Amino acid sequence: MRAVAVFPNDKIVKVIDDHSEPKLERDTEVLLRMVDIGVCGTDREICRFDYGTPPSGSPHLVIGHESLGEVMRTGSAVTRVKPGDLVVTMVRRPCPHPTCRSCRAGRQDFCFTGDFTERGIKGRHGFMTELVVDDEQYMHVVPPHLRDVGVLVEPLTIAEKALIQIWDVQERLPWTASGRSTADGHGQNALVLGAGPVGLLGTLALLARGFEVWVYSRDRETDAAAQWVASAGGHYVSSQTTIIDQLSVKTGNIDLVYEATGASELSFQTLKVLGTNGVFCFTGVPGRKSPISIDADLLMRYMVLKNQLVFGTVNAGPDAFAAAVSDLERFRTLWPRQVMSLISGRFPPDTAIDLLTGPARGIKNVVSFLA
Ligand SMILES: [Zn+2]
Ligand SMILES: [Zn+2]
């Protein structure tokens, strides 16, 4: 069957038509027909051969980790999904080490050893192909009316895992209502760095919880991203017209920074404007560049005197996937036009190579083998 694959040894990216069809081998497994596969920065980096590891014994790695699939067949012990269901499949699989407390607890997103595998990235074929088999425990059902946007669940889980942790750590503030069910961002200012898919999905997640949201990015105030943010009810500030030091004049006390750029210099500059009792959450992975200079004395002084907390987050657990599915449903009701417009286009696999290796364009490009 057809698949989009990288051959790291030969430094080739191409559509292959002889990828072997997966079969149901265990009674808890599910066969999916892939509906949509999203293209993201990670895929583009794999196609630049920065990383990406084929399964052992295979010269190629099928890429793609943001997906929406339709259940075709289920093993005899499968109970949570049935043929016809739409599902999003999780990406990371646990490491084998008995001492890894997080993996043994089913939370490989917190893996201690780094010996986890990831579909489409590290040691396992991904989803940019026609048929996929996986265990039902890694699948999350998406309601049928979210078919056209369900592929956004996986990138949205980044914000969802961040938010789950933000509520957890902010329970340190005694006046904050405890328990996530009552978690409420009203009266708090959130700053989102970056206006790519991760930043914009994070913006909606924060708006949906009542935060006053400010998005800070390179695009000008007249650009499409700025208009998108304003139309959803957020504020947009361009780095071309406002320097970071002036941000908090506009926003007031910044309670939360959600970083979605991977730009280390911008991020550490922004740490200077994080407010009293604030939380700064990193989600981006910077490319290896030369060292940057930061005002460590100032940052350390602020972190102490303002009770600040800085953390990073990667991947996502089942709770974040469940939250992403229910949030996407909320977004669809609150901002139907904005959610739809995040998907720049659906493309047949033959054009995927250009999306993966050509100049970056659009917000979220989607590859479909059904197109
Ligand atoms: Zn991705
Ligand atoms: Zn582990």
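Remember, it's a predicted structure, so these values are computed and weren't measured experimentally. (Residues numbered from 1 in each chain as written. Chains lettered and ligands numbered in written order. Predicted model: local features only at pLDDT ≥ 70, side-chain atom pairs only at ≥ 80, totals over all residues. Heavy atoms only, no water.)

A.B. asks: Looking at this structure, I do not really get the coordination of the zinc ion (ligand 2). What am I missing?
C.D. replies: Reference values for angles at a metal are 109.5 degrees in the four-donor tetrahedral case and 90 or 180 degrees in the six-donor octahedral case. Coordination sphere of the zinc ion (ligand 2), protein contribution only: Cys95 (SG), Cys100 (SG), Cys103 (SG) and Cys111 (SG), at 2.3 Å. Taken together, the four donor atoms coordinating the zinc ion (ligand 2) and their angles of 104 to 116° define a geometry best described as tetrahedral. Along the chain, the residues donating to the zinc ion (ligand 2) are arranged with the sequence spacing C-x4-C-x2-C-x7-C. Of this pair, Cys95 sits in the loop between β7 (92–93) and α2 (101–104) while Cys111 sits in the loop between α2 and β8 (117–119); the two residues are 16 residues apart in sequence, bridging distant segments of the chain. (Donors = N, O, S within 2.8 Å, 3.2 Å for Na, K, Ca; no water. Tetrahedral: all angles 85-135°; square planar, octahedral: opposite > 155°, others 65-115°. Helix = DSSP H or I, 4+ residues; strand = E, 2+ residues; numbered from the N terminus.)

A.B. asks: What am I meant to see in the coordination of the zinc ion (ligand 1) here?
C.D. replies: Surrounding the zinc ion (ligand 1) are the protein donor atoms Cys40 (SG), His65 (NE2) and Glu66 (OE), at 2.1 to 2.6 Å. Sequence positions of the residues that donate to the zinc ion (ligand 1) give the spacing C-x24-H-E. One end of the pair, Cys40, is in the loop between β3 (29–38) and α1 (41–46); the other, Glu66, is in strand β5 (residues 66–74), and 26 residues separate them in sequence. With respect to burial, Cys40 and Glu66 carry one shared label: buried. (Buried < 20%, exposed > 50% of the residue type's maximum accessible area, 1.4 Å probe, protein only.)

A.B. asks: Explain the environment of Glu118 here, please?
C.D. replies: Within the secondary structure, Glu118 is located in strand β8. According to the relative accessible area criterion, Glu118 is buried, its value standing at 10%. Along the chain, Glu118 and Pro59 lie 59 residues apart, while their C-alpha atoms are 17 Å from each other. Once residues lying within four places of it in the same chain are set aside, the contact partners of Glu118 are Val91, Arg92, Gly123, Arg124 and Asn315. (Contact = heavy atoms within 4.5 Å.)

A.B. asks: Which parts of the structure should I look at to understand the side chain of Thr313?
C.D. replies: Position of Thr313 among the secondary structure elements: in the loop between β17 (309–312) and α9 (318–334). Judged by relative accessible area, which is 11%, Thr313 ranks as buried. Leaving out residues up to four positions away in the same chain, Thr313 has contacts with Lys161, Ala162, Gln165, Cys281, Phe282 and Thr283.

A.B. asks: For this particular structure, what's the right way to read the nonpolar core?
C.D. replies: Note on soluble globular proteins: their nonpolar side chains tend to be buried together. Counting 56 residues, the largest nonpolar core has Leu206, Leu328 and Phe331 as its most contacted members. When residues no more than four places from it in sequence are discounted, the contact partners of Phe331 are Leu156, Leu201, Leu204, Ala205, Ala208, Pro336 and Val339. Within the second largest apolar cluster, 27 residues are counted, among which are Val39, Val87, Met128 and Leu356. (Core = buried A, V, L, I, M, F, W, Y, C linked by side-chain atoms within 4.5 Å.)

A.B. asks: Mind showing me how you'd approach the packing of helix α4 (residues 197–208) against helix α5 (residues 224–232) here?
C.D. replies: Packed helices, taken two at a time, are described by the angle their axes make and the gap between the axes. Put simply, α4 and α5 touch, their axes get as near as 11 Å, and they point 15° apart. Relative to α5, α4 is oriented roughly parallel. The two elements α4 and α5 cross, and the hand of that crossing is right-handed. Residues Leu200, Leu204 and Leu207 of α4 lie in contact with α5, whose contacting residues are Trp228, Val229 and Ala232. (Axes fitted to C-alpha atoms, helices over the stretch in contact; angles between N-to-C directions. Parallel < 35°, antiparallel > 145°, perpendicular 65-115°, else oblique. Left-handed = near helix turned anticlockwise from the far one by under 90°.)

A.B. asks: How should I be thinking about the pairing of strand β18 (residues 343–347) in this particular structure?
C.D. replies: Successive side chains on a regular strand alternate, one facing one side of the sheet and the next facing the other. Inspection of the sheet shows β18 paired to strand β19 (residues 364–367) by four bridges, in the parallel sense. Each residue of the ladder has a partner; that of Gly345, found in β19, is Asn365. Handedness of the crossover joining β18 and β19 through helix α11 (residues 352–357) is recorded here as right-handed. (Pairing = 2+ DSSP bridges. Right-handed = clockwise from strand over helix to strand, strands pointing away.)

A.B. asks: Looking at this model, I keep getting lost on the sheet that holds strand β13 (residues 212–217). Mind explaining?
C.D. replies: In a beta sheet, neighbouring strands are held together by backbone hydrogen bonds and run either parallel or antiparallel to one another. Read from one edge of the open sheet, six strands run β14-β13-β12-β15-β16-β17, paired in parallel fashion. Two strands in the sheet have a free side with no partner beyond their single neighbour: β14 (235–238) and β17. Neighbour-to-neighbour, the strand axes of the sheet open up by a mean angle of 20°, direction not taken into account. Note that strand β12 (residues 189–193) and strand β15 (residues 256–259) share four bridges and pair parallel. Directly across from Ala190, in β15, lies its bridge partner Leu256. Of the strands in this sheet, β12, β13 and β15 are in contact with α4, which crosses β15 at around 150°. Strands β12, β13, β15, β16 (279–282) and β17 of the sheet are contacted by helix α7 (residues 264–271), whose axis makes an angle of about 170° with β16.

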